[in-house]
Structure formats: structure tokens, C-alpha cells
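A structural walkthrough
What follows is the residue order along each chain.
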Amino acid sequence: MQLIDTHTHIYLPEFDNDRDEVIKRSVNCGVVKLLMPNIDLQSIETMLSVGSRYPGICLPMIGLHPTSVKDDYGYQLDQMELLLTQHKFIAIGETGIDLYWDKTHLKEQMSALKRQVEFAIKSYLPVVIHSRDSFPEVFETLEEFRGEKLKGVFHAFSGTIKDAERALEMGFKLGIGGMITFKNSGLDKVVKEIGPEHLILETDSPYLAPAPHRGKRNESSYLVLINSKLAEITGLSEEQTASLTYSNSSDLFNI
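This report concerns the structure included in the present document.

Thresholds, definitions, all that
- Residues numbered from 1 in each chain as written.
- Predicted model: local features only at pLDDT ≥ 70, side-chain atom pairs only at ≥ 80, totals over all residues.
- Heavy atoms only, no water.
- Helix = DSSP H or I, 4+ residues; strand = E, 2+ residues; numbered from the N terminus.
- Buried < 20%, exposed > 50% of the residue type's maximum accessible area, 1.4 Å probe, protein only.
- Polar contact = N/O pair within 3.5 Å; in protein donor to acceptor, adjacent residues only side chain to side chain.
- Contact = heavy atoms within 4.5 Å.
- Axes fitted to C-alpha atoms, helices over the stretch in contact; angles between N-to-C directions.
- Parallel < 35°, antiparallel > 145°, perpendicular 65-115°, else oblique.
- Left-handed = near helix turned anticlockwise from the far one by under 90°.
- Nonpolar A, V, L, I, M, F, W, Y, C, P; charged D, E, K, R; others polar.
- Expected span 1.5 Å × (residues − 1).
- Arc of directions from axis to C-beta.
- Phe/Tyr/Trp six-rings, centres within 6.5 Å; stacked < 30°, edge-to-face > 60°.

Turning to unusual backbone geometry, a few remarks are in order. Cis geometry marks the peptide bond from glycine 93 to glutamate 94; its omega dihedral reads 10°. Looking at the secondary structure, you find glutamate 94 in strand β4 (residues 92-98). Look at the link from serine 205 to proline 206: it is a cis peptide, with omega at 15°. On the secondary structure map, proline 206 appears in the loop between β8 (199-201) and α8 (223-234). The phi torsion at aspartate 204 lies on the positive side, around 60°, for a residue other than glycine. Its place among the elements puts aspartate 204 in the loop between β8 and α8. For aspartate 204, a relative accessible area of 10% puts it in the buried group.

The following block contains the structure:
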């Protein structure tokens, strides 16, 4: 049984003391690929160095996280557009809109998302969408690109069944992580309604650890727990959900 962690920040300082052990543990658990979304210009160098150390396992994306969208976002995106021509990236992301912490830069976040979607279309790459407390604003931004063959994933999906249906109708997958193991998250109802055919799995490590590790540092080996919960909810075997989500991830990210 093999799994793909489609969203891990394994390059962050939280893993500096034991990164090799964490990756080895993940691979030994069957999590054979770790896809790395970028945060901002400052995180790129470390992320690429982790990718070089683990070729074929740790695969980098490029993008500007919505909470990193500040007054200099235009410059950061200019530099990322240049880097797109110099390195191999598997996706644009993570990008999107985050209104949980701060609504001050909504206009700039929408503009940054739009530009990164343009990167994705131009580069024939999927886009990884962050949509915390912002589904209406994200959908509004993406509507402009209907018919452009845009594909991607709503990472750490936490929306309603209606949100899920709209995302799927626009050609996106749903990224399911540790929240599916939380009581009262409501994700079980969404997953049961949507079915595993449209899902990919992620940890978002070091964040959002699944039960029984909630509140602790997350890591890619815990993807096994997320897959197990998905199997329980859908009534499939763990091998079936692993195979389905692995195939969905491989197709989406062309890996």
C-alpha cells in the first residue's frame, strides 16, 4: 500500500533536528512521495535544498501563501515567475485567500491569487488553493478562469457539501487532512456525499495533526491515520482508498 502526502512543509524549521528520520519513517510507512507547497520568497531556498537531498520523494511547488501577501507581493511574484523558468516545480502553490487572521489585504490576496492562477495556466501546472474562511472570495476569483483548463486542489478542505460540489464542478480535487479525524468537523458527511473519487490526501505538516496526535507536531507518516479514517467513512478497505487517492494525486500533479 502506497500513499502520497500532497501537502507537507517538511522544509520548515520544526523539522531541522530530525528531518531525515521523519522522511525515513514516512517512506517506511508507505508514504512514498512528499509534495512541498511553498510559502514565500524566503522559504524557496530551503525547500529546494530538501528536494535536492530527496529527489523523487520530496517534490517542490512554487507560490505565495495568502498570509504572506503584503505590500511587496508584486515583487515576490515577479521573482517567482522568473524562478519558474529556472527550476522544475510540480504545482503553483500554495496560493489562495485567508480571512481568518486578517481581512486587511483581501484585495491584494485576490490579485495575488489571480496572478498565480495565470502562472498555473501558462505553465500547464495544477494550483494548490488555500481557502480559510474565504470560499465565496476564492470562487469569485476563480470564476474568471472558467474554460481555461485550470486544475488543482482545495487544500485542507473544510467547506460544506455545496462548497465541495462547486469546487468539483470547476475541475478541482479536495485535499483531505487531519481534520477528518476530528469529532464534529463535519468532514465525514462531505466525504460520504462526495466519495473518494475526487479526493487526495495530505497532512499539512507540521500543522493539523490527526487524532490521536492532535495539538502535536504533524508528520507525513500520520497520513496512514487519515487514510484509515477515510476508509472507515466510505466503507472501503484501506488498500482501496490508498489506491484511489494515490492515482488521483499522480494524475493531478503528473508524478
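Within the secondary structure, threonine 8 is located in the loop between β1 (3-5) and α1 (19-28). Polar contacts involving the side chain of threonine 8 include one to the main-chain amide nitrogen of isoleucine 10, which spans 3.3 Å. Setting aside residues no more than four positions away along its own chain, threonine 8 makes contact with Leu34, Leu35, Met36, Pro37, Thr203, Ser205 and Ser220.

Here helix α4 (residues 106-123) crosses helix α5 (residues 135-143) at 40°, and the two axes come no closer than 10 Å. Comparing their axes, α5 and α4 come out oblique. In the crossing of α4 with α5, the sense of the turn from one axis to the other is right-handed. Between α4, through Leu106, Met110, Leu113, Lys114 and Val117, and α5, the contact on the second element is made entirely by Glu137, Val138, Glu140, Thr141 and Leu142. For the contact of α4 with α5, the residue count by class is six nonpolar, one polar and three charged.

To continue, consider α8. A rise of 1.5 Å per residue sets the reference length of α8, with its twelve residues, at 16 Å; its end C-alpha atoms lie 17 Å apart and thus fit the reference within 8%. Of the residues making up α8, those classed as buried are Leu223, Ile226, Asn227, Leu230, Ala231 and Ile233. Considered in projection along α8, the buried side chains sweep an arc of 165° and stay on one side of the axis. Considering only its buried residues, α8 is in contact with β1, β2 (31-36), β7 (172-176), α7 (187-194), β8 and α9 (238-253).

Assignment of secondary structure puts aspartate 40 in the loop between β2 and α2 (41-53). Between the C-alpha atoms of aspartate 40 and methionine 170, which are 130 residues apart in sequence, the distance is 27 Å. When sequence neighbours within four positions are dropped, the list of residues in contact with aspartate 40 reads Gly63, Leu64, Ser68, Gln76 and Met80.

What follows concerns the packing of aromatic side chains. Throughout the structure, instances matching the rule amount to six aromatic pairs. Ring geometry for tyrosine 100 versus tryptophan 101: centroids 4.8 Å apart, planes at 85°, classification edge-to-face. For tyrosine 100, a relative accessible area of 42% corresponds to the partly exposed category. Under the relative-accessibility criterion, tryptophan 101 is labelled exposed at 64%. Taken together, a centroid distance of 5.9 Å and an interplanar angle of 35° make the contact between phenylalanine 135 and phenylalanine 139 tilted. Taken together, the residues span about one helical turn, with phenylalanine 135 and phenylalanine 139 both in helix α5 at a distance of four residues.

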